Amino acid sequence: MNRWIKENSSQFDFAIASEAFAVSSLIASRCLGRKLIIWQEMDIHQRKFFKIPARFWYNIIVPLFMRKSRVVARSERARKFISQYTHNVSKTCVDHGANGAILFPSDEVKRHFIIVSRLIAAKGIDISIKSFATLIHNYPQYADFKLLIIGDGDYCETLKELARQQNVEGSVQFHGFMRHEEMALMLRTATAMLINTLHDLNMVSIPEAIISGTPIISNTIPTSAPFIQEHELGVARANWDETDLAKAIENYPTYHANCVSIRDTLTNNGCARTMVKVFETEILPKLNH
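Read on for a plain summary of the structure. What you see is a predicted model; the values in this text were computed from it and never measured.

## Details of the sheet that holds strand β6 (residues 172-176)
Taken together, the 6 strands give an open sheet; going across it, the order is β6-β5-β4-β7-β8-β9, and neighbouring strands pair in parallel fashion. If you trace the sheet from one side to the other, it starts and ends with β6 and β9 (234-236), each paired once. On average, each strand axis in the sheet is tilted by 20 degrees relative to the strand beside it, whichever way the strands run. Pairing analysis gives 5 bridges linking strand β4 (residues 112-116) to strand β5 (residues 146-150), with the strands arranged parallel. Of the residues in β5, the one forming a bridge with His-112 is Lys-146. Contacts between helix α5 (residues 125-138) and the sheet are confined to β4, β5, β6 and β7 (192-195), with β5 contributing the most and set at about 165 degrees to the helix.

Okay, here's the thing in structure tokens:
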């Protein structure tokens, strides 16, 4: 890698590396210096070996050997985290882009919520099902709503049994694995996408929903939670419940319009344009001096 970069660095204007805590990013930074942008997703120290390797890397390697390379964070939380270890951090955040050719808004909204996820315990789908059950049992005006669950996993049968126990087996529909094009049809017409993850910090499904014009109801674990709150793209609240589902239904026109208005910045092309703009405005002037 080191040899290839040195032999080909004159063939490109800049390069992007993923994560400051990566040997490949260190090598690229040492070879390219200011011509490298480091895209930072993580907003915490990786847990392996009691966080010791990560803490050493961020405190020693990043400030001493990677300081020339500009860091662009995926989220505001990631930006604040990496800013503790290097001052060469852009104020602009660039999210994980989503495929705007497949995922796009619809003027039609159907009376269903959607979950797109692997069906494992760590995704907290059971919590979402319980909140949904409370909604349709306690809010008669929303009793006809459905919950569409797209994805496969070891927890599938457990979730189906939970739906039976909650007396919502007729309202919770399990669709299994679906191709992106098929999933997109259900996503763009959903009232909201539900997230209750216990661990996931960075979720591609969030920008995918937003560029589809679909509001988000999420807990505060994902790093995109403050972004959802700031731009009113749905609800981002710890321990959200049926009252938040009702709120999402009532405020759908506003949330949907906000998703559509910000959509272009979250597509693959939009994220690429933002990254190029960071290079042109924050890095190129320094290269020319």
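Next, the rest of the story.
## Remarks on the packing of α5 against helix α10 (residues 242-250)
Axis separation between α5 and α10 bottoms out at 8 Å; the angle between their running directions is 65 degrees. Here α5 is positioned roughly perpendicular relative to α10, judged by the angle of their axes. Crossing of α5 against α10: the hand is right-handed. For the pair α5 and α10, the contacting residues are Ser-131, Phe-132, Thr-134 and Leu-135 in the first and Glu-242, Leu-245, Ala-246 and Ile-249 in the second. Residue classes in the contact of α5 with α10 are distributed as 5 nonpolar, 2 polar and 1 charged.

## Concerning empty space enclosed by the protein
All chains considered together, the criterion is met by 1 cavity of 30 Å³ or more. Put simply, the largest cavity is a space of about 100 Å³. Along the wall of the largest cavity there are 14 residues; nearest its centre are Ile-115, Ser-117, Lys-123, Leu-194 and Ile-195. If you list the elements that add at least two residues to the lining of the largest cavity, you get β4, α5 and β7. Class assignment for the residues of the lining of the largest cavity results in 7 nonpolar, 6 polar and 1 charged.

## Section: the pairing of β7
Here β7 shows no split at all, with Ala-192 and Leu-194 on one side and Met-193 and Ile-195 on the other all buried. Across 2 bridges, the pairing between β4 and β7 is parallel. Counterpart to Phe-113 in the pairing with β7 is Ala-192. Examined bridge by bridge, β7 and strand β8 (residues 216-218) share 3 bridges and lie parallel to one another. Opposite Ile-195, over in β8, you have Ser-218 as the bridge partner. Each parallel crossover has a hand, and for β7 linked through helix α8 (residues 205-211) to β8 it is right-handed.

## Section: the nonpolar core
Within the largest apolar cluster, 29 residues are counted, with the highest numbers of intra-cluster contacts made by Phe-113, Leu-147 and Ile-217. Breaking this core down by element, the ones donating at least two residues are β4, α5, β5, α6 (156-165), β7 and α10. Ranked by residues supplied to this core, first place goes to α5 with 6 residues. Counting residues in each nonpolar core, the second largest holds 26 residues, with Leu-103, Ala-184, Ala-209 and Leu-266 among its members.

## Structural notes on a positive patch on the surface
On the surface, Arg-30, Arg-34, Arg-67, Lys-68 and Lys-286 cluster together into a positively charged patch. Secondary-structure assignment places Lys-286 in helix α12 (residues 268-287).

## Comments concerning unusual backbone geometry
Positive phi, normally seen in glycine, also occurs at Glu-19, with a value near 75 degrees. The residue Glu-19 is located in the loop between β1 (15-18) and α2 (23-32) in this model. Residue Glu-19 is classed as buried on the basis of its relative accessible area, which comes to 11%. Despite not being glycine, Lys-51 has its phi angle at roughly 70 degrees, a positive value. The topology assignment puts Lys-51 in the loop between β2 (36-40) and α3 (52-65).

Rules of the game
Residues numbered from 1 in each chain as written. Predicted model: local features only at pLDDT ≥ 70, side-chain atom pairs only at ≥ 80, totals over all residues. Heavy atoms only, no water. Pairing = 2+ DSSP bridges. Helix = DSSP H or I, 4+ residues; strand = E, 2+ residues; numbered from the N terminus. Axes fitted to C-alpha atoms, helices over the stretch in contact; angles between N-to-C directions. Contact = heavy atoms within 4.5 Å. Parallel < 35°, antiparallel > 145°, perpendicular 65-115°, else oblique. Left-handed = near helix turned anticlockwise from the far one by under 90°. Nonpolar A, V, L, I, M, F, W, Y, C, P; charged D, E, K, R; others polar. 1 Å grid on protein atoms, 1.4 Å probe; cavity = no way out; pocket = protein on both sides within 12 Å on 5 of 7 lines; lining within 4 Å. Points joined across faces, edges and corners; volume = space filled by probe spheres on them. Buried < 20%, exposed > 50% of the residue type's maximum accessible area, 1.4 Å probe, protein only. Right-handed = clockwise from strand over helix to strand, strands pointing away. Core = buried A, V, L, I, M, F, W, Y, C linked by side-chain atoms within 4.5 Å. Patch = residues over 30% accessible without salt bridge, like charges linked within 9 Å, V, L, I, M, F, W, Y side chains within 5 Å. Areas by Shrake-Rupley, 256 points an atom, 1.4 Å probe, with all protein chains shown as cover. Salt bridge = Lys/Arg side-chain N within 4 Å of Asp/Glu carboxyl O. Lys, Arg positive; Asp, Glu negative; His and termini not counted. Charge placed at Lys NZ, Arg CZ, Asp CG, Glu CD.

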